[in-house]
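# Examining the three-dimensional arrangement
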Amino acid sequence: MQKLVKKIKELTVNMGPQHPATHGVLRLVLELEGEVIKKCIPYIGYLHRGVEKLSEDLTYVQSLPLTDRMDYLSSMVNNVGFCIAVEKLIGIQVPERAKFIRTMMAEMARICSHLVWIATHALDIGAMTVFLYAMRDREYLLELFEMVTGARLTVSYPRVGGVRCDVNNEFLDKLYKFTDEFPKKVEEYETLIDRNRVWLKRTKGVGVITAKDAINWGLTGPTLRGSGVYYDVRKFFPYDAYDKVDFEVPLGKNGDIYDRYKCRMLEFRQSNRIIRQCIEKLPEGPILAENALRIRMPESPLKIDKRDIVFEIYTEDKQIQEFIQKFTEVYASVEAPRGELGYYIVCDSSSKPYRMRVRAPSFVHAGVLPKLCEGSLVADVIANIGSIDIVLGECDR
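The present account deals with the structure reproduced in this document.

Criteria and cut-off values
Residues numbered from 1 in each chain as written. Predicted model: local features only at pLDDT ≥ 70, side-chain atom pairs only at ≥ 80, totals over all residues. Heavy atoms only, no water. 1 Å grid on protein atoms, 1.4 Å probe; cavity = no way out; pocket = protein on both sides within 12 Å on 5 of 7 lines; lining within 4 Å. Points joined across faces, edges and corners; volume = space filled by probe spheres on them. Helix = DSSP H or I, 4+ residues; strand = E, 2+ residues; numbered from the N terminus. Contact = heavy atoms within 4.5 Å. Buried < 20%, exposed > 50% of the residue type's maximum accessible area, 1.4 Å probe, protein only. Pairing = 2+ DSSP bridges. Axes fitted to C-alpha atoms, helices over the stretch in contact; angles between N-to-C directions. Salt bridge = Lys/Arg side-chain N within 4 Å of Asp/Glu carboxyl O. Parallel < 35°, antiparallel > 145°, perpendicular 65-115°, else oblique. Nonpolar A, V, L, I, M, F, W, Y, C, P; charged D, E, K, R; others polar.

## Some details on the layout of surface pockets
Reported here for the largest pocket is a volume of approximately 380 Å³. Taken together, 17 residues form the lining of the largest pocket, with Ile84, Lys88, Pro238, Tyr239 and Asp240 sitting closest to its centre.

The following block contains the structure:
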């Protein structure tokens, strides 16, 4: 009797770049043996817009709106990071009130970003209701952003030396009300999926990153802290008002998808806690430094032609001269929702950056996908992408 030999055919498939669960135009080339991934090669660059190069032809003030468009889910944090880098470069001291407002707004952006993450991550794995709940709560915060900045998504609200405009009592009252109600909303999300058998099978023990590998790959944010590594820019290199508020840094133990999920769920509560403290401790005073970088408009506002408006950075000549003698380059980073977002700026004493480079956490995290996916099932690819929370607008900056 002839013996039957079962042969498994190897197959190469493209996942993306047009795929709803890759969270942007990400292309993964997967080499499969049955349902098991033998090799995973990520390809990026489909959304490149040249933010870094464009900044070299614009003044520092003009470059600010470009940073909104990188991680468009947390544009406020991108703005703050850029402003801190320029302030460090020139030596501008930000008023205390502006620091608290920036911190408050940055944590609102973190909650908004994490709400989109839990909504889409749960949807990718098969939970629909969480998406509706999270989008409902995010809408409230977007309306608060619009109340202060006039925009909902790409706000361009922070300024080099402070913020564009002050917050009023109506805004603070509505935000404080949100902080009262939001912890119960987080409990609702957890009630829906935290003990769900399907959710646990799709996340526990899947996509494990050890602490050593997480450090070696340069991971940051919840993706790093899910592996039990204690690192948060807000704690190690405090900026704005983070050294004046009390909060904890959530950590995982096993480094799997479930731990990364739990870290972000705990961050909801910590961000909410920071916002409440900022409202309660908000000091009086100016919101913009006296020597802040500004936009100089034409002298006669009655004869303004929009095509003739000249944007120019100005500050005290003495301060610029001191700056030129002491500094030529600077690096500053902030804790964005996805991890450490850093700006490296080289200055040649002009009003434009000579070079600007961005340390984008999404770019770094996309590189760990082969480590996560190889040896796992095709279905786990989607869960792994959602767990590292990448935004391709930032990746392809």
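## Quick look at the environment of Lys235
Within the element layout of this structure, Lys235 appears in helix 10 (residues 233-236). Each C-alpha atom of the pair Lys235 and Glu248 lies 9.1 Å from the other, and the pair is 13 residues apart in sequence. In this view, Lys235 contacts Tyr230, Phe247 and Val249; residues no more than four positions away in its chain are not counted.

## Examining unusual backbone geometry
You will see that His23, though not glycine, has its phi angle at about 60°, which is positive. Relative to the elements of secondary structure, His23 occurs in the loop between strand 1 (10-15) and strand 2 (27-33). Of note in this structure, Asp240 is not a glycine but carries a positive phi near 50°. On the secondary structure map, Asp240 appears in the loop between helix 10 and helix 11 (257-281). On the basis of relative accessible area, Asp240 is assigned to the buried category, the value being 10%.

## Here we look at the sheet that holds strand 2
Pairing within the open sheet is antiparallel, and its three strands lie in the order 1-2-3. In this open sheet, the two edge strands, each paired with only one partner strand, are strand 1 and strand 3 (36-43). Direction aside, the axes of adjacent strands within the sheet are offset by 20° on average. Inspection of the sheet shows strand 2 paired to strand 3 by seven bridges, in the antiparallel sense. By the bridge assignment, Glu31 is partnered in strand 3 with Lys39. This element, helix 15 (residues 378-388), spans strand 1, strand 2 and strand 3 of the sheet and lies at about 150° to strand 2.

## Focus on the pattern of salt bridges
Using the criterion set out here, one finds 30 salt bridges in the structure. As a salt-bridge pair, Asp71 and Arg338 come within 2.8 Å of each other at their nearest N and O atoms. Placement of the pair is Asp71 in the loop between helix 2 (60-68) and helix 3 (75-90) and Arg338 in the loop between strand 6 (329-336) and strand 7 (339-347), with a sequence separation of 267 residues. Taken as a pair, Asp71 and Arg338 share a single burial class, namely buried. When salt bridges with common partners are traced through the structure, they connect Glu107, Arg110, Arg225, Asp232, Arg234, Glu267 and Glu335 into a single cluster.

## Some words on helix 15
Burial analysis of helix 15 places ten of its eleven residues in the buried class, the great majority of the element. Directly beyond the C-terminal end of helix 15, a positive phi value near 55° is found at Asp389.

## Overview of the packing of helix 4 (residues 96-125) against helix 15
Orientation of helix 4 relative to helix 15, taken along the N-to-C sense of each, is 175°, at an axis distance of 9 Å. In terms of orientation, helix 4 and helix 15 fall into the roughly antiparallel class. Within the contact between the two elements, helix 4 uses Trp117, His121, Asp124 and Ile125 and helix 15 uses Ile382, Ala383, Gly386 and Ser387. Residues belonging to the contact of helix 4 with helix 15 are distributed by class as follows: four nonpolar, three polar and one charged.

## A short note on the sheet that holds strand 8 (residues 353-359)
Reading across from one edge, 6-7-8 is the order of the three strands in this open sheet, with antiparallel pairing throughout. Edge strands, defined here as strands with exactly one partner in the open sheet, are strand 6 and strand 8. Across this sheet, the average inter-strand angle for adjacent strands is 15°, counted without regard to direction. Direction of pairing for strand 7 relative to strand 8: antiparallel, over a ladder of six bridges.

Read these as geometric descriptors, not functional statements.
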